[in-house]
Amino acid sequence: MARCRRHLLLLALFLALAAAAPGQAQSHGEASAVFIDAASHRYLRDQQADGQDASMSLNEVSAAVSVLLGFAAPTSLPAISSSKLNKVLLPNPFDRPRAVFLMQIAGTDASAPSFVSEGSNIFKTRIEGANSADTGLSDTDDLIVIHSDESLDLSRSDYLDNELSSLANWLEGSYQKSSSKLVIPLESGNSLTLLLDKEADMEFVSSLASLLKTIERAIQVHEDFSGVMNPAELLECHFTGIKALENEYGSTEIVKQATEVVQRAVTKSFQSLHEAYKGKIVGLVISTKEASSSLGSIIDAPSSLHISRRLEEASKTKEASVALVRKSLAWITGIILLVSTLIGVCLLMNMPLTRDTLLYSNVKID
């Protein structure tokens, strides 16, 4: 059963990457990708001038993700594909981030490089073709998958208000509950106003909220596992908000403003992750023309249950450790207080009966 679940998980990882290219024969520019790492901890090579128009197959991107997660590349990988990986990744096999943030953004005018800050260390490429999956992962590999949930509970107004307020604060905007508006300032001085009673606007806001929740959950899970175990971590987020606005408004100014907001959100996400992971994480932004649903179900039910058990076991282990430390401190403190009390009582019982000049300093002694 465990072997079967692992194989399902390996297949699901490739399907997540395969979602970036809906067809077997894509044209150039159909799907683009950008690898990103922190300047403080490099895992990517500097892209050469002749590599600005680089292209990779889905199988090669999948292999790159596997290597970044700390696993070996597939033995079936052809020599030319291995050469492409060598152009992307630094050659040190003992220094891998073991954490990858995979974000797919759907939109006709969306291009992966447009969502990445130019100040980051990046490697740009196109994704072409769809080959068979072979990630090189084995049954002994530890992998935790954290996937996004784009649903907002519209039935609970208090929950919705809290989510929207948190999102507005994150993007330095404002949530106007009375008028059901979310206003996000732009660098140009203008503002993007989203009407939450419109379906397309609400889907865009849901995608932003999903991104924020994914980042927060990933950081929490990473902290829970710190000091307990060291699994590889794959974070994935499926952003369909821009595509929803395009379907509603076409290529208008609101779509361009929304793209600018997403660029800021992606930048803030990577900054938060780099800080929480101490730079040991690599981002992968994939842009496609059409939204794909397969990325939203990157793990199936058995694998999801398996991961949930591991999270629960790790959480119980951490809670037990914290309880043991607190109980030990309580006992030590109690013993110290008891010993101190006994010493104090003994000293009081053995005090001399004569008047102490220090205790009776304000009393005239006859």
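Owing to the predicted nature of the structure, the values given are computational and were not obtained by experimental measurement. (Residues numbered from 1 in each chain as written. Predicted model: local features only at pLDDT ≥ 70, side-chain atom pairs only at ≥ 80, totals over all residues. Heavy atoms only, no water.)

Undergrad: Quick question: what am I supposed to make of helix H3 (residues 79-88) here?
TA: Since the α-helix advances by 3.6 residues per turn, residues separated by three or four positions end up pointing in the same direction. For H3, every residue scored as buried is listed here: Ser81, Leu85 and Val88. Buried residues of H3 fall within an arc of 55 degrees about the axis and therefore sit on the same side. Those residues of H3 that are exposed and aimed more than 90 degrees away from the buried face are Ala79, Ile80 and Lys87. Those residues of H3 that are buried are in contact with strand S1 (31-37), strand S2 (55-57), helix H2 (58-68) and strand S4 (121-128). (Buried < 20%, exposed > 50% of the residue type's maximum accessible area, 1.4 Å probe, protein only. Helix = DSSP H or I, 4+ residues; strand = E, 2+ residues; numbered from the N terminus. Arc of directions from axis to C-beta. Contact = heavy atoms within 4.5 Å.)

Undergrad: Help me out: how do you make sense of the packing of aromatic side chains in this one?
TA: Aromatic ring pairs are defined here through the distance separating the ring centres and the angle between the ring planes. Enumeration over the complete set of coordinates arrives at two aromatic pairs. Note on Phe101 and Phe270: the rings are 5.5 Å apart at their centroids and 70 degrees apart in plane angle, and the pair reads as edge-to-face. Taken together, the residues span a long stretch of sequence, with Phe101 in strand S3 (residues 99-106) and Phe270 in helix H7 (residues 253-276) at a distance of 169 residues. For the pair formed by Phe101 and Phe270, the shared burial category is buried. (Phe/Tyr/Trp six-rings, centres within 6.5 Å; stacked < 30°, edge-to-face > 60°.)

Undergrad: Please explain the UniProt feature "transmembrane region" (unreviewed entry) in the protein as it appears in this structure.
TA: UniProt records the feature "transmembrane region" (unreviewed entry) for residues 329-349 in the present numbering. Counting secondary structure, residues 329-349 comes out at 100% helix and 0% strand; the distance between its end C-alpha atoms is 30 Å. (UniProt positions renumbered as here; feature names shortened; annotations may be inferred.)

Undergrad: Honestly, helix H6 (residues 241-249) in this entry has me stumped. Any pointers?
TA: Taken residue by residue, H6 has Gly241, Ile242, Lys243, Ala244, Leu245 and Glu246 as its buried positions. Next to the buried residues of H6 lie S3, helix H5 (199-225), strand S9 (232-239) and H7. Positive phi shows up at Gly250, right after H6, with a value of about 75 degrees.

Undergrad: Explanation requested: the sheet that holds strand S7 (residues 181-185) in the structure shown.
TA: Adjacent strands of a sheet pair through backbone hydrogen bonds, lying either parallel or antiparallel. Taken in spatial order, the three strands line up as S6-S7-S8 in an open sheet, and their pairing is antiparallel. If you trace the sheet from one side to the other, it starts and ends with strand S6 (174-176) and strand S8 (191-195), each paired once. Across the sheet, the mean angle separating the axes of adjacent strands is 20 degrees when strand polarity is ignored. In terms of strand pairing, S7 meets S8 through five bridges, oriented antiparallel. Each bridged residue has a counterpart across the sheet, and for Pro185 the counterpart in S8 is Ser191. Against the sheet, H5 touches S7 and S8, its axis set at about 110 degrees to S8. Lying on the sheet, H7 is in contact with S7 and S8; it crosses S8 at an angle near 105 degrees. (Pairing = 2+ DSSP bridges. Axes fitted to C-alpha atoms, helices over the stretch in contact; angles between N-to-C directions.)

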